[in-house]
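# Results of the structural survey
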Amino acid sequence: TAGQGPAQGRQCMYMRGSVAAAFALLSTSAATALAQPEQKCRFSLARPWRGIRECAPPPPPPSPPLLSLRGGGASIDRSTLIGMCLALLAATMNGVGLNLQRLGQRRHGPIINVCGVILSALCGPVDMLSYSFAAQSLLAPFGSFSLVINLLLASPLHGDAVAPRDLAATALVISGVAVCLANADGESVARSYEELIALAARPAARAWLGGLAAAVALLASRIPNAGTGPTSVARFCYPLIAGAVGSCTALGGKALGELVKAGAPWRSTAVVSALLPCSGAVQTVVLNRGVGRFSSLLVVPVFVAAFVTCNAVGGGILFDEFGRMTAAQRRAYPAGLGLLVAGVLTLAAKPTPPAEPPAPE
């Protein structure tokens, strides 16, 4: 590209390929999980060290449709509607908070930055509360609504140009969200404490969490020597780490709600409750640094893609939501995720203007 040396061009192409490969790997994981329904297992409390004692693969019941016709009109289950409204509210708070952080760090001092941090931090509890009303694979795509907020605020607040390419990419994101919503699991299943332990003990669940931790560690190792230039690899590392850690916060919030409803021992709920603020703080700090150093038109789309994908796939695997889908839903849902990620990568691949230097500390 113009204005870049051969080394910078190769570095830019390398990072774009790496990000595309990372999201392709996540999409492949989702497709693999969707292709084979999860087994229903029973956990033995008498001998917990032996893990899951019996596993039988009964055919999963079909997931009820999100929309049903009653009295000639379309209606949505009240619990699902509450969850969707809370998810939309959380996405709006997150998009506004991120832009306030960028505005405060670069132009108007620490007060606006702190307001943005508080707003982004408060969106976490709202998001976690939404998962108590509906399935996680249904609500996760709503996180991409932050892109719409970011697109609306980028020009008036920061002077970023909004091109037709941005609008087309946003249309792809919205289309992907619509496909996901139409084919997601529309039912929140109540489980006992024993069933929740059995779900967490499955190899698929442990492999997903282990892979996520390894990816975060790899990305974090690239930041110290990455610099802050417009072609720095850190412009991808910050939002990818924040998205992955944020998905763990969402999974923890869902797990906490399930444990409370199942009447789990207080030690289990205490452990999860103690971990949630830690992951939430890491997500907020990492994302705050990212939007303070690079354009929000790049950082926010990559963050949203990582968060939505990891959130949807993680919830589908850990809580067996993929296993309750029909065959048609298991084919369509990853296609919707693919559309969503394609739109986000289109936004992230656009040339970014040189970053303004952060305000002196």
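Just so it is clear, the model here is predicted, and its values are computed rather than measured.

### Observations regarding the packing of aromatic side chains
Evaluation of the coordinates by the stated rule reveals 2 aromatic pairs. Seen in terms of ring centroids, Phe303 and Phe307 are 6.0 Å apart; in terms of plane orientation they differ by 20°. Their pairing is stacked. Here Phe303 pairs with Phe307, and both are found in helix α11 (residues 296-318), just 4 residues apart, close to one helical turn. For the pair formed by Phe303 and Phe307, the shared burial category is buried. If you follow Lys254 out to its NZ or CZ, it ends over the ring of Phe319, 5.9 Å from the centre.

### Section: the confidence of the model for the protein
The share of residues in the protein with pLDDT of 70 or more is 73%, and the mean pLDDT across the chain is 74. Per-element confidence in the protein ranges from a low mean pLDDT of 40 for strand β2 (residues 52-56) to a high of 89 for helix α8 (residues 203-222). Note on residues 26-60: pLDDT under 50 across the span, and 55 contacts to partners over four residues away in sequence or across chains.

### Comments concerning the pattern of salt bridges
Applying the stated criterion across every chain yields a total of 2 salt bridges. Here Glu258 makes a salt bridge to Lys261, at a shortest N to O gap of 3.6 Å. With a gap of 3 residues between them, Glu258 and Lys261 both fall in helix α9 (residues 234-262), about one helical turn apart. Several salt bridges share partner residues, and in doing so they unite Lys254, Glu258 and Lys261 into one network.

What counts as what
- Numbers given for residues are sequential positions, taken from 1 along each chain in its written order.
- Since the coordinates come from a predicted model, pLDDT governs what is reported: local features require at least 70, and pairs of side-chain atoms require 80 or more to be given and counted, while whole-chain, interface and lining totals use all residues.
- As a convention, hydrogens and water are excluded, and side-chain values are obtained from all of the structure's heavy atoms.
- Side-chain rings of Phe, Tyr and Trp (the six-membered ring for Trp) are treated as a pair once their centres are within 6.5 Å; stacked means planes under 30 degrees apart, edge-to-face means over 60, and tilted covers the remaining angles.
- Numbered from the N terminus, helices here are DSSP runs of H or I no shorter than four residues, and strands are runs of E no shorter than two.
- The cut-offs for exposure are 20% and 50% of the maximum accessible area for each residue type, with area from a 1.4 Å probe on protein chains only; residues under the lower value are buried, those over the upper are exposed, and the others partly exposed.
- Lysine NZ or arginine CZ positioned within 6 Å of the ring centre and within 35 degrees of the ring normal marks a charge as sitting over the ring.
- What pLDDT conveys is the predictor's confidence in a given residue, as a value from 0 to 100.
- We call two residues in contact when some of their heavy atoms are within 4.5 Å.
- By definition here, a salt bridge exists when the distance from a side-chain nitrogen of Lys or Arg to a carboxyl oxygen of Asp or Glu is within 4 Å.

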